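Listed here are the chains, written in short residue letters.
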Amino acid sequence: MSTVATWIALVVASAVVFALKLAGHLVPKHWLAEPRVARTAALVTVALLSALVAVQTATRGNELVLDARLPALVVAAIALALRAPFIVVVLLAAVTAAVLRALGMP
Amino acid sequence: MTQDAEGRAAIRQAVSVSLATGLYGVSFGALAVAAGLTVPQAMALSLLMFSGGSQFAFIGVVGAGGLAGAAIATAGLLGVRNGLYGPQVAPLIDARGWRRPLAAQLTIDESTAVATAHKAPHAAQLGFWWTGVGVFALWNLFTLVGAVAGDRMGDPARYGLDAAAAAAFLGLVWPRITGPGSRLAQTVAAGAVVVALALTPLVPAGIPVLLAAVVAIVAGLVARQREPVA
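Within an unreviewed UniProt entry, the label attached to chain B reads Branched-subunit amino acid permease, and the organism entered is Cellulomonas humilata. Quoted verbatim from the Sequence similarities (unreviewed entry) field of the UniProt record, the comment on chain B reads "Belongs to the AzlC family." Looking at chain B in UniProt, the text filed under Subcellular location (unreviewed entry) is "Cell membrane".

Chain A is annotated in an unreviewed UniProt entry as Membrane protein of Cellulomonas humilata.

Here the focus is the packing of helix α2 (residues 25-34) of chain B against helix α4 (residues 52-63) of chain B. Residues and elements named next belong to chain B. Relative orientation of the contacting elements α2 and α4 amounts to 20°, with a least axis distance of 9 Å. Judged on the interaxial angle alone, α4 and α2 are roughly parallel. When you trace α2 past α4, the crossing you get is left-handed. Contacts between α2 and α4 involve Ser27, Phe28, Leu31 and Ala32 on the former and, on the latter, Gln55, Phe56 and Ile59.

The next thing to look at is the nonpolar core. With 87 residues, the main nonpolar core has Leu31, Leu45, Phe56, Phe58, Ile59 and Phe128 of chain B as its most contacted residues. Look past the residues within four positions of Ile59 of chain B in its chain and what remains in contact with it is Phe28, Leu31, Ala32, Ala35, Leu37 and Leu45 of chain B.

Our focus in this paragraph is the UniProt feature "transmembrane region" (unreviewed entry) in chain A. Residues and elements named next belong to chain A. When the UniProt feature table is mapped onto this chain numbering, "transmembrane region" (unreviewed entry) sits at residues 6-28, 40-58 and 70-100. Taken end to end, residues 6-28 is 91% helix and 0% strand, and its two terminal C-alpha atoms sit 35 Å from one another. Helix makes up 87% of residues 70-100 and strand 0%, with an end-to-end C-alpha separation of 11 Å.

The next thing to look at is the UniProt feature "transmembrane region" (unreviewed entry) in chain B. Mapped onto this numbering, the UniProt entry gives "transmembrane region" (unreviewed entry) at residues 23-49, 56-78, 128-147 and 189-222 of chain B. Taken end to end, residues 189-222 of chain B is 79% helix and 0% strand, and its two terminal C-alpha atoms sit 16 Å from one another.

Contact with chain A, which involves 66 residues of that partner, is made by 92 residues of chain B. Buried surface at the junction of chain A and chain B, summed over both partners, amounts to about 6600 Å²; 78% is from carbon and sulfur atoms. Where chain A meets chain B, there are two salt bridges. Here Arg60 of chain A makes a salt bridge to Asp162 of chain B, at a shortest N to O gap of 3.4 Å. The interface formed by chain A and chain B holds 13 residue pairs in polar contact (both at pLDDT 80 or more) in total. Residue assignment for the side of chain A that touches chain B shows that the elements contributing at least two residues are α1 (3-26), α2 (35-58), β1 (59-60), β2 (63-64), α3 (69-81) and α4 (86-102) of chain A. Ranked by the residues each element gives to the side of chain A that touches chain B, the list is headed by α2 of chain A, at 23 residues.

This paragraph deals with the environment of Arg152 of chain B. Take Arg152 of chain B: it is sitting in helix α8 (residues 121-153). Placed 98 residues apart in sequence, Arg152 of chain B and Ser54 of chain B show a C-alpha to C-alpha distance of 25 Å.

All names here are of chain B. Together, Leu211, Val214, Ile217, Val218, Leu221 and Val222 line one region of the surface with nonpolar side chains, adding up to about 490 Å² of accessible area. Note that Leu211 resides in helix α11 (residues 207-222). With a relative accessible area of 36%, Leu211 lands in the partly exposed category.

Another point: the side chain of Ser51 of chain B. Counting through the fold element by element, Ser51 of chain B comes out in the loop between α3 (39-49) and α4. Apart from the residues lying within four places of it in its own chain, the contact partners of Ser51 of chain B are Val17 of chain A together with Asn82 of chain B.

The topology assignment puts Ala47 of chain A in helix α2. With sequence-adjacent residues up to four places away left out, Ala47 of chain A is seen in contact with Val188, Ala192, Ala212, Ala213 and Ala216 of chain B.

On to the packing of aromatic side chains, then. All told, the structure shown has eight aromatic pairs over all chains when counted by the stated rule. A ring pair is formed by Phe28 of chain B and Phe56 of chain B, whose centres lie 5.4 Å apart and whose planes are at 90°; its orientation type is edge-to-face. Within this pair, whereas Phe28 of chain B is found in helix α2, its partner Phe56 of chain B is found in helix α4, the two being separated by 28 residues in sequence. For the pair formed by Phe28 of chain B and Phe56 of chain B, the shared burial category is buried. Between Phe56 of chain B and Phe169 of chain B, the aromatic rings sit 6.1 Å apart at their centres with planes inclined by 70°, giving edge-to-face as the arrangement. Within this pair, whereas Phe56 of chain B is found in helix α4, its partner Phe169 of chain B is found in helix α9 (residues 161-177), the two being separated by 113 residues in sequence. Exposure remark for Phe169 of chain B: the relative accessible area of 1% places this residue in the buried category. Here the aromatic residues Phe86 of chain A together with Tyr24, Phe28, Phe56, Trp139 and Phe169 of chain B are joined through ring pairs into a cluster of three or more.

Rules used in this analysis
- Residues numbered from 1 in each chain as written.
- Chains lettered and ligands numbered in written order.
- Predicted model: local features only at pLDDT ≥ 70, side-chain atom pairs only at ≥ 80, totals over all residues.
- Heavy atoms only, no water.
- UniProt positions renumbered as here; feature names shortened; annotations may be inferred.
- Axes fitted to C-alpha atoms, helices over the stretch in contact; angles between N-to-C directions.
- Helix = DSSP H or I, 4+ residues; strand = E, 2+ residues; numbered from the N terminus.
- Parallel < 35°, antiparallel > 145°, perpendicular 65-115°, else oblique.
- Left-handed = near helix turned anticlockwise from the far one by under 90°.
- Contact = heavy atoms within 4.5 Å.
- Core = buried A, V, L, I, M, F, W, Y, C linked by side-chain atoms within 4.5 Å.
- Buried < 20%, exposed > 50% of the residue type's maximum accessible area, 1.4 Å probe, protein only.
- Buried area = accessible area lost by both parts, 1.4 Å probe.
- Salt bridge = Lys/Arg side-chain N within 4 Å of Asp/Glu carboxyl O.
- Polar contact = N/O pair within 3.5 Å; in protein donor to acceptor, adjacent residues only side chain to side chain.
- Patch = residues over 30% accessible without salt bridge, like charges linked within 9 Å, V, L, I, M, F, W, Y side chains within 5 Å.
- Areas by Shrake-Rupley, 256 points an atom, 1.4 Å probe, with all protein chains shown as cover.
- Phe/Tyr/Trp six-rings, centres within 6.5 Å; stacked < 30°, edge-to-face > 60°.

As structure tokens, then:
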């Protein structure tokens, strides 16, 4: 995307996200009381975030690739399992990938 | 607890949540620049969108070379959660007039969690506003710090920032796929990973992530189990 296209997408996406927040404050409570709605929304969040993990770890453009990002993600998962804070998890992943690349891994 | 003691407890909680959340604005700022956004764009996302999951998703799609429509749709779908918080938060804080859109913009995971953790209406209100304003201020401040630092670093892959982006998403989804009652969420997560990777060679960037959401919609509509999904 060009810088201008990114700006347009950014403003439109922000407006959509704000409209959703405002709608939540305005709609009658019972509209969203159906448990299936809340459950599906929670699962959509899980699916999108999981798909983003996969795409950020193992793809480049339209190709599947295995590189230093995968071992870095494993380190991040171990850190999360050990209840490390978010910022530490992110830093450990970056350091792992950086070190592996310095050693010659793609 | 007396009303004042509970109010003070809500404020203390708000401050610690704001610090912890605000701090990872550094990673958002750095990753936004690594994904190809400018520093003002990273700042604009934190000011205008102000929703961690949607912001990370937006830069994830942009960084992968996705189309504007895919970036907007992915960020929007991740923002649906905030819309569901509204009906929980609105009666607690009873915001009117100009405060209502302000409250809406500040309705995120953290402010909702702190507000709903307190029974006394006074404490719930203090918790919501202190957390919302606190996270907003620090998240934006640290986004700027991260974006400027990221901008000076050069090639993001050399510093492992691409791996850091994957780790950030893992950190965001982790609490939702671990712990009791998360088996359905785990199944959906695994299905979403398979769908996203399988479609990557076939469709334009950004679309595999969106189509992974279909897994969740199908699971949410057909699953019979009553277990709560965080």
